[in-house]
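What follows is the residue order along each chain.
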Amino acid sequence: MASISARRLAKELHEIQTEGCPVGINLLQADDFAAWQFTIEVMGESLYQGEVFTLLFRFDKHYPISSPAVQFVVTDGKTSPVHPHVYSNGHICASILGNEWSPVLSVIAVCLTLQSMLASCKKKERPPDNDRYVRHAPDNPKKTQFHYDGNSP
Amino acid sequence: MSQREPLWYCHECGAETRPLMIPDPACASCHGSFVEKMDNPSDDPRGFGHPLDTEDLGSDVYIPALQSLFGISPSRNFEREHRGSLGGHPETGSAPSVTFSIRNDNGVRTYTFGGSNTLGGRPPTMSEFNRRGPGADRLDPGINGSLMAQYLMTLLGGPTGSLNEIFARGFGAENGRMGDYVFNQEALDQIITQLMESNAHHPVPATEAIMEKLPREVLEIGSPTLQKDCAVCKEQFSLETEDPEEQVVVSLPCTHPFHESCIMPWLKSSGTCPVCRHQLIPQPEHHSQPGPSQNTSGNDRRSPSSRSRSPGGDPSGFLQSLFGSSMRFDRSSTGGNSSSSLAPPDQRNNTSSRGGNHVPGGWDDLD
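Residues numbered from 1 in each chain as written. Chains lettered and ligands numbered in written order. Predicted model: local features only at pLDDT ≥ 70, side-chain atom pairs only at ≥ 80, totals over all residues. Heavy atoms only, no water.

**Quick look at the packing of aromatic side chains**
Residue and element names in this part refer to chain A.
Alright, step 1. All told, the structure shown has nine aromatic pairs over all chains when counted by the stated rule.
Alright, step 2. Ring centres of Phe-38 and Phe-57 lie 5.6 Å apart, and the angle between their planes is 70°; on these two criteria the pair is classed as edge-to-face. Of this pair, Phe-38 sits in strand β2 (residues 35-40) while Phe-57 sits in strand β3 (residues 53-58), and the two are 19 residues apart along the sequence.
Alright, step 3. Considering the side-chain rings of Phe-57 and Phe-59, the 6.2 Å spacing of their centres and the 20° angle between planes classify their relative orientation as stacked. Taken as a pair, Phe-57 and Phe-59 share a single burial class, namely buried.
Alright, step 4. Aromatic ring contacts, followed pair by pair, group Trp-36, Phe-38, Phe-57, Phe-59, Tyr-63 and Trp-101 into a single cluster. (Phe/Tyr/Trp six-rings, centres within 6.5 Å; stacked < 30°, edge-to-face > 60°. Helix = DSSP H or I, 4+ residues; strand = E, 2+ residues; numbered from the N terminus. Buried < 20%, exposed > 50% of the residue type's maximum accessible area, 1.4 Å probe, protein only.)

Below is the structure:
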C-alpha cells in the first residue's frame, strides 16, 4: 500500500503537471517524494524585482500530517532573499511551516504564502539574530523552534 | 527564590546550608552556630581541612582514561587493544574491549572495559548483585573493581539496550552536551537559543477521550458524505476502496469530515480542525483562532468576536491549556538534538509497568 504521503504528493504533483504552477512559481525538480525544488519570483512591483530564488521542500513519511521542511537554496551560487524572516542560510521563519501548519495546506499553498511574504516586504534586511542563528542552525529548519510574531522573527 | 543568595557552610555538619536566622545564623540541620557565609570565592570553607586526595586512587588518571574510552581525545598513556575474550573465559564472541593499567604505590591495577560477557547469558539484575552482597567480604571482587566495570559494560551491550541509549544520548559529543552539562561555548549558546525560543507555542494534541467520542460514519450508498472530500488526503470519499479503514468517516464538531485514518494522526499532534482550526482542545495563546465555541446548531459560521484566545470567564480552559502545553514534550527540539524527545508522562508509566523495557538495577527491581 502506498503511504499516505506518497499518495498525497503524487496527487499534488499530478495537479502541478496538469494545471501548472501559479505565476512566478515553477517546478524545477520533483524526481521523488523526498525533495522537490521550485523557482520563485515576485511578480510586479516589489523589492525583489528581477530576483529569482530556489525553494527546497523536503518531505518525511508523515506528510501532510507533519509539515514539509522548506528553505531557500543557498548553494551553487543561489542566494536567499534578504528579508526579515529569511536567514542567510535559507531558513525561513514562517508560522505556517511550524506551529500553524495544517494538512490542508499544500506545496503550492506554501509557495504562494512565501511569494506573498516577499511581495509585502517593506525593507530588505536580515533577521536581527541572523549571525547567531546561522552559526548554530541545524541542517533541517524543522529542528528550529522559531518564535513567530508579526514583526521580528 | 534567588539562586544568587550566598550559600552558607556549617562547619559542624561540614555541609552547605541555608541558615535559620534566629536571629543569629544557625545551621538548619544541626542548629549549630558555627556557620560561615560563603561570599568570598577565594576563601571557600568547603576546601578547608579537606584537601583533595589525589594520590590514593590516582583519580587524575581516570579522566584521560574515560576520554580515551569514549574516543574524545585518545590518550597515549593507555593502551587500547581489542580482544576476543577475557582471561579464563574461552568465549567465541569478539566484542571489542579496552584494557588499561594504573600504576600506583600498591602495584598495578588492570581494568578491562567491554569484551565478551563473562557474567552469563544476560546481565544480572541489581537485586541479584545485592543478594550476593551479605555474607561476602568487603573485598569481594564480585561487586567492585573490574567486575563492576564489566557489569556496567555488559549492561551497555545488553539486550535491553536502554542504558546504551542513555549513553548514546548523553555522550552525543557532536553537541557537546551531556545531561545538564555543557562542554563548550557552542553547546551553551544552543541552550540559550533553546531557552529564548522555547516560548514558541506548541499545538496541544487532542486527548484519547476526545478522539474516541467523535462521531464516526461508515460510508453507505447514497450517503451525502460521498459528495465531499477529505481535506487531509484531498481525495473524495468513495465506496470503491479496498481499504476498509477509508470507509470510516469522522466528523469533527465543526462538521468537517475526514477519513478516520487521515484525521487521527493529525489530532494526535494538534487538537484542531485542519480546515478551520476549530479547537477540540484549548490551544496555546498564539493560535489566535476561534475558541471551542459550542455551536451545536450545526451552523458552520462562528461569531466574528472570537479573536480573543482564552475566554475570560473560563479559567479551567486556561489552566488546561497551560497544563496541556507544559505536559507536551518537544517533538523537534533545537540544536540537532531531536532524539532527546521524551514520551509524555502517561506513556512512560505504561512502558515501565508493562515490563517490556526492564532496566536491570531500576527501582522496580529491588525487592
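Once the structure has been displayed, the description carries forward.
**Some details on the sheet that holds strand β12 (residues 257-259) of chain B**
All names here are of chain B.
Alright, step 1. The antiparallel open sheet is built from three strands, whose spatial order is β10-β11-β12. Both edges of this open sheet fall to β10 (216-218) and β12, since each of them pairs with a single strand only. Taking the axes of each pair of neighbouring strands and ignoring which way they run, one obtains an average angle of 35° across the sheet.
Alright, step 2. Relative to β12, strand β11 (residues 248-251) runs antiparallel, the two being bridged by three bridges. Bridge pairing in β12 places Ser-251 opposite Pro-257.
Alright, step 3. Sheet contacts for helix α7 (residues 260-267): β10, β11 and β12; angle to β12, the most-contacted strand, approximately 100°. (Pairing = 2+ DSSP bridges. Axes fitted to C-alpha atoms, helices over the stretch in contact; angles between N-to-C directions. Contact = heavy atoms within 4.5 Å.)

**A few points about the pattern of salt bridges**
Residues and elements named next belong to chain A.
Alright, step 1. Under the defined criterion, the tally for this structure stands at nine salt bridges over all chains.
Alright, step 2. One salt bridge in this structure joins Arg-58 and Asp-139, with 3.4 Å as the shortest N-O distance. With Arg-58 in strand β3 and Asp-139 in the segment after α3 (130-136), this residue pair connects regions lying 81 residues apart in the sequence.
Alright, step 3. By relative accessible area, Asp-139 is classed as exposed at 60%.
Alright, step 4. Put simply, Asp-60 and Lys-142 hold a salt bridge, and the shortest N to O gap is 3.7 Å. Taken together, the residues Asp-60 in the loop between β3 and β4 (69-72) and Lys-142 in the segment after α3 connect sequence positions 82 residues apart.
Alright, step 5. The partly exposed category is assigned to Asp-60, whose relative accessible area is 32%. (Salt bridge = Lys/Arg side-chain N within 4 Å of Asp/Glu carboxyl O.)

**Topic: the nonpolar core**
The tendency in soluble globular proteins is for nonpolar side chains to be buried as a group.
Alright, step 1. One finds Trp-36, Phe-38, Leu-55, Phe-57 and Ile-92 of chain A together with Leu-252 and Leu-267 of chain B to be the most contacted residues of the largest nonpolar core, which totals 54 residues.
Alright, step 2. Elements with a contribution of two residues or more to this core: α1 (4-19), β2, β3, β4 and α2 (107-119) of chain A together with β11 and α7 of chain B.
Alright, step 3. If one sorts the elements of this core by residue count, α2 of chain A sits on top with seven residues.
Alright, step 4. If sequence neighbours within four positions are ignored, Leu-267 of chain B has contacts with Pro-205, Ala-206, Met-211, Leu-214, Leu-252, Thr-272 and Leu-280 of chain B. (Core = buried A, V, L, I, M, F, W, Y, C linked by side-chain atoms within 4.5 Å.)

**A word on the environment of Gly-98 of chain A**
Alright, step 1. As for its placement among the helices and strands, Gly-98 of chain A is situated in the loop between β4 and α2.
Alright, step 2. Its relative accessible area of 28% is what places Gly-98 of chain A among the partly exposed residues.

**A few points about the side chain of Thr-272 of chain B**
Alright, step 1. Mapping Thr-272 of chain B onto the fold places it in the loop between α7 and α8 (315-327).
Alright, step 2. In this view, Thr-272 of chain B contacts Trp-266, Leu-267, Arg-277, His-278, Gln-279, Leu-280 and Gln-283 of chain B; residues no more than four positions away in its chain are not counted.

Bear in mind that shape data such as this cannot, by itself, settle questions of function.
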